[in-house]
Amino acid sequence: MKAYPKLDWRTRLLDKLLRLSKPLEQMNRDEIKNASEQQFPALVEQMFAGKKLPIYEVREQAVPGRHGDIPIRLYYPTGQDERPLLAFFHGGGWVYGNFQTHDRTCRRISNDANMVVLAVRYRLAPFYKFPTALEDCYDALSWVVDHASELNINAESVSVSGDSAGGNLAASVCLMARQQKSLPIERQILLYPVLSGELEQPSVEANAEAPVLTKERMQCFVDYYANEVSDVQQPYFSPLLAQDLSGLPPALIITAEYDPLHDQAVSYARRLKVSGVQVKLIDYAGTIHGFISFPPFCKEALLAHSEIANYLSIPQS
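Anyway, here's the lowdown on the structure attached to this text. (Residues numbered from 1 in each chain as written. Predicted model: local features only at pLDDT ≥ 70, side-chain atom pairs only at ≥ 80, totals over all residues. Heavy atoms only, no water.)

With that settled, the discussion passes to the layout of surface pockets. There is about 1400 Å³ of room inside the largest pocket. Residue lining of the largest pocket: 49 residues in total, with L18, S21, F40, Y96 and F294 positioned closest to the centre. At the level of secondary structure, the elements contributing two or more residues to the lining of the largest pocket comprise α1 (9-18), α2 (29-36), α3 (42-49), α4 (103-113) and α8 (215-225). Within the lining of the largest pocket, the residues separate by chemical class into 22 nonpolar, 17 polar and ten charged. Its boundaries defined by the atoms lining it, the second largest pocket holds a volume of some 230 Å³. If you go around the second largest pocket, the residues you meet are K33, S36, E37, G97, R121, Y122, R123, L124, F127 and Y128. For the lining of the second largest pocket, the per-class residue count stands at four nonpolar, two polar and four charged. (1 Å grid on protein atoms, 1.4 Å probe; cavity = no way out; pocket = protein on both sides within 12 Å on 5 of 7 lines; lining within 4 Å. Points joined across faces, edges and corners; volume = space filled by probe spheres on them. Helix = DSSP H or I, 4+ residues; strand = E, 2+ residues; numbered from the N terminus. Nonpolar A, V, L, I, M, F, W, Y, C, P; charged D, E, K, R; others polar.)

If you want it as structure tokens, here you go:
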């Protein structure tokens, strides 16, 4: 691995621990399926992701979508009054991830921002290709907004967020909502997002062997998600390639210095600003892709959570 001089010793330890598992690029389809459905023991979860915060209520159900039922989970910070909604789409390269992998993140955001958080268990690649994951996320969010009153949610205050591939889905949901003139989304919060399937930015090479996400693994994720090579040219696959970014919701974009996707986030923030969209870009020095999910190993994780909560608390002009 490249030196990456600013890495904290705890982050280096995290990298060593994660490298003990078999990498995606060496797995067959059965191994990928097992990995995507894996449930981690509580001690393992706590070691990597930190303490599990208590929360007022967690509800689970399945909602209808164009590809069939979609499991969702709703996190409630309080039982009083209708609360704003944040849809959080989990990362994992469109291949990994489930309710468990991002449970702590959703709990913390719900408590810190005093919002209902929606988690969506969308269909995963390579078994379901683009744009199935996006359509699951869009359909689930649409259903929740349509049933907001019975779910104790304020349908007039809806935001979206996601990390990595989940950030890709959040950005694409915003593009889809603009095109279809539906889902009045107030804000988008993109955490080290995938914004282009074209992995040609300088940071891809500079951080090709970075912890957590390498260039080879990212290319593998893209190949698994795409039906065909031309899919990466579609704006819903690669929002950075969209010709028009005007009229999109204000954005908070968080990126990490030692991340192959770093330059995609910076370029997207720049293009949003040029298009007249309000953007706040925070670039965390000395951090890695996925750092928000690992508070025990990445001291910047809780700082980023505070930024997210503060951003969501700012009244819309």
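Before going further, it helps to examine empty space enclosed by the protein. Applying the stated rule across the entire model yields two cavities of 30 Å³ or more. Quantified by volume, the largest cavity comes out at close to 70 Å³. The wall of the largest cavity is formed by A49, K51, L53, R104, T105, R108, I292, S293, P295 and H305. Per-element tally for the lining of the largest cavity: the top contributor is α4, with three residues. Looking at the lining of the largest cavity residue by residue, the class counts come to four nonpolar, three polar and three charged.

This brings us to the packing of helix α5 (residues 132-146) against helix α6 (residues 165-180). The interhelical angle for the contact between α5 and α6, taken along N-to-C directions, is 65 degrees, at an axis separation of 10 Å. Handedness of the α5/α6 crossing: right-handed. Residues A133, L134, C137, Y138 and L141 of α5 pack against L169, S172, V173, M176, A177 and Q180 of α6. Per-class residue counts for the contact of α5 with α6 are nine nonpolar, two polar and no charged. (Axes fitted to C-alpha atoms, helices over the stretch in contact; angles between N-to-C directions. Left-handed = near helix turned anticlockwise from the far one by under 90°. Contact = heavy atoms within 4.5 Å.)

Enumeration over the complete set of coordinates arrives at ten aromatic pairs. Between Y225 and F237, the aromatic rings sit 5.0 Å apart at their centres with planes inclined by 35 degrees, giving tilted as the arrangement. Taken together, the residues span a long stretch of sequence, with Y225 in helix α8 and F237 in the loop between α8 and β7 (251-258) at a distance of twelve residues. A relative accessible area of 0% places F237 in the buried class. (Phe/Tyr/Trp six-rings, centres within 6.5 Å; stacked < 30°, edge-to-face > 60°. Buried < 20%, exposed > 50% of the residue type's maximum accessible area, 1.4 Å probe, protein only.)

All right, on to the pattern of salt bridges then. Within this structure, the stated rule accounts for 19 salt bridges. R104 is the salt-bridge partner of E45, the closest N and O atoms lying 3.2 Å from each other. Pair noted here: E45 is in helix α3 and R104 is in helix α4, with a separation of 59 residues, a long-range link. Overall, the relative accessible area of 11% leaves R104 in the buried class. Between E300 and K299 there is a salt bridge, with its nearest N and O atoms 3.3 Å apart. One network of salt bridges, with partners in common, ties together K52, E60, R73, D103 and R107. (Salt bridge = Lys/Arg side-chain N within 4 Å of Asp/Glu carboxyl O.)

All right, on to the environment of M176 then. Following the sequence through the fold, M176 ends up in helix α6. A sequence separation of 31 residues divides M176 from V145, and the C-alpha atoms of the two residues are 15 Å apart. In this view, M176 contacts L134, Y138 and Y236; residues no more than four positions away in its chain are not counted.

Attention shifts here to the packing of α4 against helix α10 (residues 300-313). Interhelical geometry of α4 versus α10 gives an angle of 45 degrees and a closest axis separation of 9 Å. When the axes of α4 and α10 are compared, the pair comes out oblique. In this structure, α4 crosses over α10, and the sense of that crossing is right-handed. Packed against α4, whose contacting residues are T105, R108, I109, D112 and A113, the element α10 presents L302, H305, A309 and L312 at the interface. Residues belonging to the contact of α4 with α10 are distributed by class as follows: five nonpolar, two polar and two charged. (Parallel < 35°, antiparallel > 145°, perpendicular 65-115°, else oblique.)

Buried residues dominate β7, accounting for seven of its eight residues. Looking at chain direction, strand β6 (residues 185-191) and β7 are connected through four bridges and run parallel. Along β7, the bridge assignment pairs I189 with L252. Pairing of β7 with strand β8 (residues 279-288) involves seven bridges; the strand directions are parallel. Across the sheet, the residue bridging to I253 is L281, located in β8. Handedness of the crossover joining β7 and β8 through helix α9 (residues 262-274) is recorded here as right-handed. (Pairing = 2+ DSSP bridges. Right-handed = clockwise from strand over helix to strand, strands pointing away.)

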